Amino acid sequence: MITDQPASDDKAARRAVTVFPVLVLVAGTAGLVSPGSFAGWTSSVPYLLGTVMFCMGLTMTPLDFRGVAKRPWAVAIGLVAHYVIMPGLGWLIAHVLGLPPQLAAGVILVGCAPSGTASNVVTFLARGDVALSVSVATVSTVLAPLVTPPLTLLLAGAYLPVDAGSMMTDILKTVLLPVLGGLLVRLVAGKLVDRVLGLMPWLSSLAVAAIVAAVVAGSASAIKSAAVSVLIAVVLHNGFGLALGYGVGKATGLGRPASRAMAFEVGMQNSGLAASLATAHFSPLAALPAAVFSVWHNISGALVAAWLSHRSRHSRPAPAGAGHALATTTAEEA
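For the structure given in this document, a descriptive report is provided here. Since this is a predicted model, take the numbers as computed values, not measurements.

### So, the environment of Pro21
Item 1. Here Pro21 shows up in helix α1 (residues 7-33).
Item 2. Each C-alpha atom, one on Pro21 and one on His297, is 8.7 Å from the other, the two residues being 276 residues apart in sequence.

### Section: the layout of surface pockets
Item 1. The volume enclosed by the largest pocket comes to roughly 390 Å³.
Item 2. Here the residues of the lining of the largest pocket are counted per class, giving 14 nonpolar, two polar and no charged.

### Description of the nonpolar core
Item 1. Membership of the largest hydrophobic core comes to 66 residues, with the highest contact counts inside it found for Met53, Leu99, Leu109, Ile171, Ile211 and Phe282.
Item 2. Contact partners of Leu109, with chain neighbours within four places excluded, come to Thr148, Thr152, Met167, Ala274, Leu277, Ala278 and Phe282.
Item 3. With twelve residues, the next largest nonpolar core counts Phe124, Val130, Leu242 and Leu308 among its residues.

### Quick look at the side chain of Asn270
Item 1. With respect to the secondary-structure elements, Asn270 resides in the loop between α12 (256-267) and α13 (271-281).
Item 2. Judged by its relative accessible area of 8%, Asn270 falls in the buried class.
Item 3. Sequence-distant contacts of Asn270, defined by excluding residues within four places in its chain, comprise Leu49, Met53, Ala113, Pro114, Ser115 and Gly116.

### Examining a nonpolar patch on the surface
Item 1. Taken together, the side chains of Trp91, Leu92, Val96, Leu97, Val228, Ile232, Leu236, Phe240 and Leu244 define a hydrophobic patch exposed on the protein surface, amounting to about 790 Å² of accessible area.
Item 2. For the nonpolar patch, the secondary-structure elements that each account for two or more residues are α4 (72-97) and α11 (220-251).
Item 3. No other element matches the five residues that α11 contributes to the nonpolar patch.
Item 4. Along the chain, the position of Leu244 falls in helix α11.

### A look at the packing of helix α8 (residues 164-188) against α13
Item 1. One can describe the packing of α8 onto α13 by two numbers: an axis separation of 11 Å at closest approach and a directional angle of 135 degrees. Classed by the angle they form, the pair α8 and α13 counts as oblique. Relative to α13, the crossing made by α8 is right-handed. From α8, Ser166, Met167, Asp170, Ile171, Thr174 and Val175 reach across to α13, where they touch Leu273, Leu277, Ala280 and His281.
Item 2. Of the residues contributing to the contact of α8 with α13, the split by class is six nonpolar, three polar and one charged.

The rules we used
- Residues numbered from 1 in each chain as written.
- Predicted model: local features only at pLDDT ≥ 70, side-chain atom pairs only at ≥ 80, totals over all residues.
- Heavy atoms only, no water.
- Helix = DSSP H or I, 4+ residues; strand = E, 2+ residues; numbered from the N terminus.
- 1 Å grid on protein atoms, 1.4 Å probe; cavity = no way out; pocket = protein on both sides within 12 Å on 5 of 7 lines; lining within 4 Å.
- Points joined across faces, edges and corners; volume = space filled by probe spheres on them.
- Nonpolar A, V, L, I, M, F, W, Y, C, P; charged D, E, K, R; others polar.
- Core = buried A, V, L, I, M, F, W, Y, C linked by side-chain atoms within 4.5 Å.
- Buried < 20%, exposed > 50% of the residue type's maximum accessible area, 1.4 Å probe, protein only.
- Contact = heavy atoms within 4.5 Å.
- Patch = residues over 30% accessible without salt bridge, like charges linked within 9 Å, V, L, I, M, F, W, Y side chains within 5 Å.
- Areas by Shrake-Rupley, 256 points an atom, 1.4 Å probe, with all protein chains shown as cover.
- Salt bridge = Lys/Arg side-chain N within 4 Å of Asp/Glu carboxyl O.
- Axes fitted to C-alpha atoms, helices over the stretch in contact; angles between N-to-C directions.
- Parallel < 35°, antiparallel > 145°, perpendicular 65-115°, else oblique.
- Left-handed = near helix turned anticlockwise from the far one by under 90°.

Here it is in structure tokens:
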């Protein structure tokens, strides 16, 4: 068992979860202050998301999938918890806050998205079970075309019309195919990919920042009136997701490191996908919750991870396998 995390890995992970939300926040501010500068960017959102997912595929190895086979029960718990808790919370929060249809659908869509890849890095910082985090994030992304559209139809259909078939096609094109393409390139040209792997988190971060800028610019005129309610919804959604995810891990006897991984796999979403789908199928305003979530869940995740890491230094060591898993996941941060 690894008794401590390598200092270089820890430093790289902390830099990733610090720089990324700042970059996205700057992009969102630019979109709000000067929306005209991003006119026409909305049509590029699916391609930007495809870039992010291709970068994710480049970071994958067969070890990520072997981890699923080794612990199918734990991965299954993570998947069920993620796709039950977050969609349900999204619907409940939208209902309790009385959000208008566009924003309600946007919040629910965020909840129906797969796990956010930044969860892997945050799990590492929290001294959680990184291998489990990688497995749940990987499988939830692969299953997204089959799970996200019907969940969105079920929960958001009362607010806005949802074309589940078209949404499934979009997820296949912008998520699954780019991920598989990246994985194929990694398998064929692994040595070449290893040389540029350090660039992947920055390329992904820039792409997500561009998505956020486009989304905010597209709904800049409506943001001032909706900003407070959207922020409240996002903070509640993320906060309860983190807490309930951890609770599921403890209740099912997975242990402390795995419970920490569960917290981040449930509470952190692929907000880039949610923003892309909301823009394509609803409106730029419906994508606003995803844009805010993209910033907030990285900030909250880093804070919770720092607190959990501090507690771990006085209790038990980090789980085995963390070093390898971070090498696979740091480039997925966006």
